[in-house]
Every structure is written in C-alpha cells, then in structure tokens.
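# Coordinates in review
So you can see what is in the structure, the chains are spelled out below.
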Amino acid sequence: MRTVDWDYQNQSLLLIDQRLLPGELRVAAYSDYHEVINAIQEMVVRGAPAIGVTAAFALALAAYRSSASHTTEMLRNLSIAGDELIAARPTAVNLKWAVARVLAKAHEAPGDLDQLRKLVLEEALRMADEDVAINQRMARHAAELIADGDTIIHHCNTGALAAVDWGTALGAIRMAHQQGKRIHVLVDETRPRLQGVRLTAWELQQYGISFDIIPDNAAGYYLSSGQAHKVFFGADRVAANGDVANKIGTYMLALAAQDNQVPVYCVAPTSTIDLSTAMGTLIPIEERPPNEVLNIQVDGKSVAPTGCTARNPAFDITPNRLISAIVTEKGVVYPPYPENLARNIGLIES
Ligand code: MRU
C-alpha cells in the first residue's frame, strides 16, 4: 500500500499514520485541508517527497470543499491554502515545489469550476504516480554505488514511508538488495523522533534486509574502525551549490565519514533541489517543540529533570565538500555541484 493515497469513493486523502509505527499500521482519512496541515506538522506524514505529494492532494481537498462561485475566487482560495501548506514545515522544499506545480496547473483551467477541481486532483494523482516511478529510477542509479558486501550507515527514514512509495536513500539500498547484493545496514536511531528505530528498522524487516540499530553517536566508532563502508541519506532541500539540508545529525555523520575517507551519498529527487537557494546557510531550519526532546522516557519515566529547557532543530546543513555524490532520478552528480546539479536538472530523461 502507498504511504499517501487517494480514496476515490469518499474523495478523501489517505495517510499511513507514522506516529503509530511500528506498533500499529493504521490509515487515517482526511477531507479538510486544514486537518492535513495539522497532520504534516504533527508528522502523521513526514519525509520530503511524501509531504510534497500530500500538499498536492490537500489542494485538491481545498478545491473540492471551496464554496467559491467563480474561478478567480477559487484560485485565490487555492493560493491561500498553498501558502498555509508551505508554512507547515519550512525546510523541505518539496512542499513549495508541489504547491507551485498544482497552482500552475489550476491557472490553466478554463472558466469552469468543476473543470478546475478535476484538473487539480488529476495533477495531484499524476504527481503521486510520478513520485513512485522517479524513486525507482533514482534507486537504480544509486544502487550502482553499492557493492556486494557493503555495510552502510543510514540516517533517519528515507524509505517508502518518506515518499509515496519506494523512497530515496533506503530505496537505493532496497534496490541493491533486490539485485542480489549482500548488504548490512547500520540504522542510526535518529533522535529525538527516532525515525531510524521506528520506521527504517520496520521497513528493513519487511524487505528482509540485514541490519542493526545503532545509537546516533556510535556512527563515528563504526566509521573509524573500518566497519562501515558507505553513508547514505536523503535530503529535505539541496541548495544550488550542493549543500544539503537533512535530518539533524547528518552533518556530524558526514564529518566523521570524511575524516575516515568513507564516501557519503545523498539520494534526492530533482524536486528536492532548489536552484533558487544559492547555499545551505540560506535554507530555513525548522525548530520543533522542546517536548520532543524533554519527553523521552526510559522505563516509563522522563529522563530530563523537571523544569529543563531544550532546543530541537529538526535539520542541519551538510556542506557540499563533505558529499561524495548526489543521486537524482536523472543520474549520479559529482562535484563541482554548482555546474553539475544545474546540468542534471536540465537533462531530458530517455
Ligand atoms: O522530520 P522528517 O522525518 O520529515 O525528516 C525526514 C528527513 O530528514 C529525510 O531524510 C528526508 O525527508 C529525505 S527522505 C526521502
């Protein structure tokens, strides 16, 4: 089943509720775009490609529920909804990309309101199908960088749950496994939301890929002792110069990898590459509620003393000099990134 899907019968959006995994696989239905914004913020759905396509469907919901009496009013409603969706999580550029694409399609609609609604939904459905196809193409390119016998450190969750299906960095690992390569994954637990322990470990179990969960701060040990051969992660936004915004902890991981001459690969679709942002320092970093850090419990008890404060940046920036290659659905991009990323985006796929 898909992480993000459309229920034709009830005209509603279906999302796997990722907050409940791995304990429970439950699908939640949404018919109001405001509820979808909340679901993105609360991380019912998460991962850059997944929230992009979710935003596209949220605009379809906004269009079907809108009481606008003419297209100009409907387009204004959609533009407001689009701005609200983009603000839900500021770092992942896929939200902005998806909203821009759907709104551009909406502006092509003739004067008929029903036509406009249909066009918006069709575009969202097309984006969902494309997401799966793009991820599979990207996985094939990235799998070429994986050798038989590799042990790979993977950060956060970048699998089927982070996209409509298949995923980015984890998609590459899954593809290499399907190609018969023997791979072992060291799964960063990914504090504080624990996407690695909860979601990546759950996915790897489904695929039958060998893995061990490691504390985030154990990565340096595995890299320096020669027990990890590659580092793979995704991205929430790649700047024009190849700096990568990704889940908090990615920067420290890439630093430790470079210090030990271990290659670092970022796998991200072209919808995650933002040529309008020149460098990583210009990417907004989402700061999430301190409770996500302070509420961590051991044996049913809070670990932090009462009354503590915490900081909780959700992402960090890994500078381009630490990244060996960035893989998109159009191929493997090596430095220098400013020229090569722009060329890769412009490539026409055969
Ligand atoms: O806060 P999250 O769980 O949405 O963060 C997700 C990540 O950082 C992923 O690595 C990124 O979105 C790429 S996944 C395809």
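Please read these numbers as outputs of a predicted model, since none were measured by experiment.

### Regarding the overall build of the chain
Scanning the chain from terminus to terminus reveals 11 helices and 16 strands. A compact globule built from 350 residues should have a C-alpha radius of gyration of about 20 Å, and the chain, at 20 Å, falls within 12% of that. C-alpha extents for the chain along the principal axes are approximately 65 × 55 × 40 Å. When burial is assessed residue by residue, the chain has 56% of its 350 residues classed as buried. Sequence-distant contacts, at least 24 apart, represent 74% of the contacts inside the chain between residues at least 6 apart. Carbon and sulfur atoms make up 52% of the accessible area of the chain, which totals about 14600 Å². The positive charge centre, built from 30 side chains, and the negative charge centre, built from 39, are 1 Å apart in the chain.

### Let's talk about unusual backbone geometry
With an omega of 5 degrees, the peptide bond running from Leu-21 to Pro-22 counts as cis. Residue placement: Pro-22 occurs in the loop between β2 (12-16) and β3 (27-30). Residue Pro-335 is joined to Pro-336 through a cis peptide bond whose omega torsion reads 0 degrees. Turning to its location among the elements, Pro-336 is positioned in the loop between β16 (331-333) and α11 (337-346). One non-glycine residue, Gln-11, lies in positive phi territory at about 50 degrees.

### What to know about the pattern of salt bridges
Under the criterion given, the structure shown has 18 salt bridges. Residue Glu-123 pairs with Arg-101 through a salt bridge whose shortest N-O separation is 2.8 Å. Taken together, the positions of Glu-123 in helix α5 (residues 113-143) and Arg-101 in helix α4 (residues 94-107) put the pair 22 residues apart, joining distant regions of the chain. Judged by relative accessible area, Glu-123 falls into the buried class, the value being 4%. Here Arg-101 and Glu-130 are joined by a salt bridge, their closest N and O atoms 2.9 Å apart. Placement of Arg-101 in helix α4 and of Glu-130 in helix α5 is noted, with a sequence separation of 29 residues between them. Here Glu-130 falls in the partly exposed class, since its relative accessible area comes to 29%.

### Some words on the domain arrangement of the chain
For the chain, the assigned domains read domain 1 (4-136) and domain 2 (141-345). If you average the C-alpha positions of domain 1 and of domain 2, the two centres end up 25 Å apart. Of the residues lining the interface, 30 residues belong to domain 1; the matching set on domain 2 comes to 34 residues. Counting each side, the surface lost to burial between domain 1 and domain 2 is near 2700 Å², with a carbon and sulfur contribution of 57%. Area buried by domain 1 at its contact with domain 2 is led by Arg-46, Thr-91 and Val-93, which between them contribute 22% of it. The interface formed by domain 1 and domain 2 contains 1 salt bridge. Here domain 1 is connected to domain 2 by 16 residue pairs in polar contact (both at pLDDT 80 or more). A total of 6 residues in the side of domain 1 that touches domain 2 trace back to one element, the largest contributor, which is α5. Classifying every residue of the side of domain 1 that touches domain 2 gives 17 nonpolar, 7 polar and 6 charged.

### With respect to the nonpolar core
Val-4, Leu-13, Tyr-30, Phe-57 and Leu-78 are the most contacted members of the largest nonpolar core, which totals 52 residues. Broken down by secondary-structure element, the contributors of at least two residues to this core are β1 (4-7), β2, β3, α1 (33-41), α2 (48-65), α3 (71-88), α4 and α5. At 13 residues, the largest contribution of residues to this core is made by α2. Discounting chain neighbours no more than four positions away, the residues touching Leu-78 are Leu-59, Ala-62, Ala-63, Leu-103, Ala-106, Leu-116 and Val-120. Counting 27 residues, the second-largest nonpolar core is a separate cluster that includes Leu-186, Val-231, Val-262 and Cys-266.

### A word on the layout of surface pockets
Rolled over the atoms, a probe with the dimensions of a water molecule shows which regions are left empty. In this structure, the largest pocket occupies an estimated 310 Å³ of space. Asp-216, Asn-217, Ile-248, Gly-249 and Met-252 are the residues nearest the centre of the largest pocket, which is lined by 19 residues in total. Listing elements by their share of the lining of the largest pocket, those giving two or more residues are α8 (219-224) and α9 (250-259). Residue composition of the lining of the largest pocket, grouped by class: 9 nonpolar, 5 polar and 5 charged.

Calculation criteria
- Residues numbered from 1 in each chain as written.
- Predicted model: local features only at pLDDT ≥ 70, side-chain atom pairs only at ≥ 80, totals over all residues.
- Heavy atoms only, no water.
- Helix = DSSP H or I, 4+ residues; strand = E, 2+ residues; numbered from the N terminus.
- Rg over C-alpha atoms; globule rule 2.2 N^0.38 Å.
- Buried < 20%, exposed > 50% of the residue type's maximum accessible area, 1.4 Å probe, protein only.
- Contact = heavy atoms within 4.5 Å.
- Areas by Shrake-Rupley, 256 points an atom, 1.4 Å probe, with all protein chains shown as cover.
- Lys, Arg positive; Asp, Glu negative; His and termini not counted.
- Charge placed at Lys NZ, Arg CZ, Asp CG, Glu CD.
- Salt bridge = Lys/Arg side-chain N within 4 Å of Asp/Glu carboxyl O.
- Domains from an automatic or database assignment.
- Buried area = accessible area lost by both parts, 1.4 Å probe.
- Polar contact = N/O pair within 3.5 Å; in protein donor to acceptor, adjacent residues only side chain to side chain.
- Nonpolar A, V, L, I, M, F, W, Y, C, P; charged D, E, K, R; others polar.
- Core = buried A, V, L, I, M, F, W, Y, C linked by side-chain atoms within 4.5 Å.
- 1 Å grid on protein atoms, 1.4 Å probe; cavity = no way out; pocket = protein on both sides within 12 Å on 5 of 7 lines; lining within 4 Å.
- Points joined across faces, edges and corners; volume = space filled by probe spheres on them.

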